[in-house]
Amino acid sequence: EAILSVRDLVKDYGATTGGLLRASGQVSAVAGVSFEVHPGETFGLVGESGCGKSTVGRLVVGLEKPTAGQIVLDGTDIATLNRRERRRTHRQVQLMFQDSYAAMNPRMRVDAILAEPLEIQQVGDTSARRARITELLDQVGLSRRVLERYPHEFSGGQLQRLGLARALALQPRLIVGDEPVSALDVSIQAQVLNLMRDLQRELGLAYVFISHDLSVVDYMSDRIGVMYLGKLVEVGPAHDVVRAA
Ligand code: ADP
Ligand code: ADP
């Protein structure tokens, strides 16, 4: 049974550069994409810049609504949900960004950054939330001393660990990583990728792993989908797709 099933997904924007230009002047950033992700699996999405990978990611986590198609999470089509219902569903799917710094409020300390999703979803009382935050720091290999620090005091690798901790806060079953290591030095990339894989095994997480870098996608993924101009042009086991590339 798939945790995520994407069927005939379409997202049109007003005319911009790139994408698949339609006669209407609309651009299909995503032009009919279907794939499934199973529990504990990593599905890699690869393709050149502008092919629609990030848009698929934002649709899957519910940050945007599809123009057409279905996004079925655990049997529920989130495209049909209203905002409040979607919020509840969103606990199961979280996004990890390329630039975690940009995704955080620079005026918030780490303790507040990690507490925020727990508070919004009203998870536990203050002491339960504090315990959960400590557990999250341990899971991503950050010292408890960072709780009183601000994002600008972190290195790139530490910021991605923090972004991962925040994504994990509500115990999601699926994390969409949108170029989660692309801004890091290669040696730091390996540390973050290995952490993601260790946590996947420990927590039974599934990933949609988005990157323009085929070698990184190959390293992480069980199956890979190759996107071109808003479409999936190839889907298969990682070793088959990489050999054909
Ligand atoms: P990728 O992640 O593969 O680089 P994106 O999903 O970011 O690709 O973009 C796919 C296409 O959709 C591009 O042509 C991009 O310019 C366009 N696009 C993405 N987001 C928007 C938006 N919010 N408004 C208009 N066009 C967009
Ligand atoms: P609607 O289309 O119903 O007006 P929006 O698409 O504007 O809803 O956004 C729904 C709300 O859900 C937004 O406030 C957004 O910040 C929030 N949201 C989106 N994705 C997530 C997520 N992964 N986790 C938590 N909240 C999210």
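What counts, and at which threshold
- Residues numbered from 1 in each chain as written.
- Chains lettered and ligands numbered in written order.
- Predicted model: local features only at pLDDT ≥ 70, side-chain atom pairs only at ≥ 80, totals over all residues.
- Heavy atoms only, no water.
- Buried < 20%, exposed > 50% of the residue type's maximum accessible area, 1.4 Å probe, protein only.
- Helix = DSSP H or I, 4+ residues; strand = E, 2+ residues; numbered from the N terminus.
- Pairing = 2+ DSSP bridges.
- Right-handed = clockwise from strand over helix to strand, strands pointing away.

As named in an unreviewed UniProt entry, the chain is Dipeptide ABC transporter ATP-binding protein, taken from Microtetraspora fusca.

S.K.: For the pairing of strand β9 (residues 206–211), give the residues involved together with the corresponding values.
M.R.: Burial within β9 is extensive, with six of its six residues counted as buried. In this sheet, β9 lies alongside strand β4 (residues 42–46) in parallel orientation, the contact comprising five bridges. Paired with L45 across the two strands is I210, which belongs to β9. Across five bridges, the pairing between strand β8 (residues 174–178) and β9 is parallel. By the bridge assignment for β9, V176 is matched with V208. In this region the chain leaves β8, passes through helix α6 (residues 186–203) and returns to the parallel neighbour β9; the handedness of that crossover is right-handed.

S.K.: Tell me about the environment of S49, and please be specific about residues and values.
M.R.: Its place among the elements puts S49 in the loop between β4 and α1 (53–60). What makes S49 exposed here is its relative accessible area of 71%. It is 9.9 Å that separates the C-alpha atoms of S49 and M227, two residues lying 178 residues apart in sequence.

S.K.: Account for unusual backbone geometry, with residues named and values stated.
M.R.: Of note, Q122 is a non-glycine position whose phi angle comes to about 50 degrees, a positive value. Tracing the sequence through the fold places Q122 in the loop between α3 (110–120) and α4 (126–140). According to the relative accessible area criterion, Q122 is exposed, its value standing at 70%. Despite not being glycine, Q171 shows a phi value in the positive range, around 55 degrees. For Q171, the location among the structural elements is in the loop between α5 (156–168) and β8.

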